[in-house]
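Below are the chains, spelled out letter by letter.
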Amino acid sequence: MNRSIRRLYLTLAAGFGLLMLMLGWWQVVAADDLRDRTGNLQTQQQERLIDRGRILSADGKALARSRPRRVQGQQVYERRYPQGALAAHVVGYTSDERGKTGVEDFYNRYLSGSFGTEPLLQRLNLREKRGADVQLSIDTRVQGVAEEHLAGRRGAVVALDPSTGQVLAMASAPTFNLQTAITDFPSIPTEGGPFLNRATAGAYAPGSTFKVVTATAALESGRFTAGSTFRDTGRYSTPGGDIRNFGGNVFGTHTLTTALTNSINTTFASIGDDLGAARLGETMEAYGFGERPPIDLPDDQVRSSGRRGPGDRLLPNDEQGIDVARVAIGQERLLVTPLQMAMVAAGVANGGTVMAPQLMRRILDRGGSEVRRATPRPVGEAMDAATAAELAAMMENVVREGTGTAAALSSAGVTVAGKTGTAESDDPNRNQAWFIGFAPAEDPVVAVAVVIEDTSETGGIAAAPVAADVMRAAIEAR
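Residues numbered from 1 in each chain as written. Predicted model: local features only at pLDDT ≥ 70, side-chain atom pairs only at ≥ 80, totals over all residues. Heavy atoms only, no water.

Student: Looking at this model, I keep getting lost on the packing of helix H11 (residues 211-221) against helix H13 (residues 265-287). Mind explaining?
Tutor: When two helices pack together, you describe them by how their axes are tilted relative to each other and by the distance separating the axes. With their axes 7 Å apart at the nearest point, H11 and H13 run at an angle of 85 degrees to one another. By the angle class used here, H11 and H13 are roughly perpendicular. Listed contacts from H13 to Lys211, Val212, Val213, Thr214, Ala215, Thr216, Ala217, Ala218, Glu220 and Ser221 of H11 are Asn265, Phe268, Ile271, Leu275, Arg279, Leu280, Thr283, Met284 and Tyr287. (Axes fitted to C-alpha atoms, helices over the stretch in contact; angles between N-to-C directions. Helix = DSSP H or I, 4+ residues; strand = E, 2+ residues; numbered from the N terminus. Parallel < 35°, antiparallel > 145°, perpendicular 65-115°, else oblique. Contact = heavy atoms within 4.5 Å.)

Take a look at the structure:
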């Protein structure tokens, strides 16, 4: 073989080898990504042939289902959302042009019949692929109350079962109609960010609701009790500037319970300095700050809570040298989601154990057999049971005679524990109004977090009544 022919042979062999490597890459390594890519016409056609499973609420309402129709002699399926905008951010949509969001995305392999939805032999005999039904813990009777209160406002509501972490309601406003999202997406008004799930991805200063975290660290340290006394002069000096109480109030000598009841900034600021960054950061970590809450939603729809630096970078919970006094009252670049603050309330309600939030209750195949069931999973121990009971009693006092009286359910014979928050915004006349709490205080079945954006009202006025009605609905729905 002369040199020219040999060179040609080696070139062709190398090219053939490279071609085989590229084919292998696209066929094996990148196959899943190509299949799932929005706009893949082959995937779109395959999905139209699937009788996709239903998404059901805890009370048996169909939130999403598939409807057959004939197109050019072939049976295909189109997605329908019978409840319209109800729980839109949770349910999500599946669209040829826009891809998938929410539960439609997270549980796609079950809904699309790709994994364990029916016995193998039965699946082989089917003419078409059929997905499993996903039943959520969302209860439309609780969800509806939350959404009614948010109508015309911006904000979010999360309600959890504190003993299991199951999500009873998750509302975000403004919202959108799921059916419109898959039939006429451009017609949906975008003002206010209706596609953002504020409950899991909104970033809010927590205000005084964070004092529940500070109170946890204080009680757990052993240096403070509910009866510890403090002397308030109306001002607490820190290197970052003086801290004062809401409305310029001065409380004189008082207990820690009174400090939480009346949300005394100066007291909690001094406690923060006493505890230090490491101790407060340890408690934040136990509640889940600094980590993505392990809820069953796509990663890009869930945000972690904590202190944020330049470029929205998440900072360590226990960073040294920070203004701990301001962290202790919910300031100093703290940004949280309503889901995280619901986990704080639920942690106190559950004796100090923080449970992973979960939306799925169970998955059923078309024969009614259970494919998968949610299992309650602890993700943190924020305090021991005795501390949780002491803190719960302090939070009861907030609702009984403090800033949270509008959350009371005394007319229904139910005791509520809670904490208000009123976080300032760039506009001195506008606030982010908060309430977190749980009920019944002595045997909790629901924990809530409510935030109302851009309001002139305080948390006790704007958010507490919403929480009361959502908790009442959750108790009545049991």
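Student: For this particular structure, what's the right way to read the sheet that holds strand S2 (residues 62-71)?
Tutor: Strand pairing within a sheet occurs via backbone hydrogen bonds; the two strands may be parallel or antiparallel. In spatial order, the strands read S3-S2-S1-S6-S16-S17; together these 6 strands make up an open sheet with mixed pairing. Looking at the sheet topology across the chains shown, the edges are occupied by strand S3 (74-80) and strand S17 (370-373). Across 3 bridges, the pairing between strand S16 (residues 360-364) and S17 is antiparallel. Directly across from Ile363, in S17, lies its bridge partner Arg372. (Pairing = 2+ DSSP bridges.)

Student: How should the pairing of strand S21 (residues 446-455) be read in this particular structure?
Tutor: Sheet faces and side chains relate simply in a regular strand, where the side chains alternate between the two faces. In terms of residue burial, S21 counts as a mostly covered element, since 9 of its 10 residues are buried. When strand S20 (residues 431-439) meets S21, the two strands line up antiparallel, connected through 8 bridges. Following the sheet pairing, Phe438 is matched in S21 by Ala447. (Buried < 20%, exposed > 50% of the residue type's maximum accessible area, 1.4 Å probe, protein only.)

Student: Explanation requested: the layout of surface pockets in the structure shown.
Tutor: Its boundaries defined by the atoms lining it, the largest pocket holds a volume of some 740 Å³. For the largest pocket, the lining is made up of 33 residues, of which Ser208, Phe246, Asn265, Thr422 and Glu424 are closest to its centre. For the lining of the largest pocket, the secondary-structure elements that each account for two or more residues are strand S11 (243-244), strand S19 (417-424) and helix H17 (459-462). Of the residues forming the lining of the largest pocket, the biggest block, 6 residues, is contributed by S19. Residue classes in the lining of the largest pocket are distributed as 7 nonpolar, 18 polar and 8 charged. (1 Å grid on protein atoms, 1.4 Å probe; cavity = no way out; pocket = protein on both sides within 12 Å on 5 of 7 lines; lining within 4 Å. Points joined across faces, edges and corners; volume = space filled by probe spheres on them. Nonpolar A, V, L, I, M, F, W, Y, C, P; charged D, E, K, R; others polar.)

Student: Sorry, what's going on with the pattern of salt bridges here?
Tutor: Two side chains bearing opposite charge may form a pair once their charged atoms approach each other closely. Summed over all chains, the structure comprises 24 salt bridges. Between Glu78 and Arg67 there is a salt bridge, with its nearest N and O atoms 2.4 Å apart. Taken as a pair, Glu78 in strand S3 and Arg67 in strand S2 lie far apart in primary sequence, 11 residues in all. Residues joined by salt bridges that share partners form a network here, namely Arg52, Arg79 and Glu104. (Salt bridge = Lys/Arg side-chain N within 4 Å of Asp/Glu carboxyl O.)

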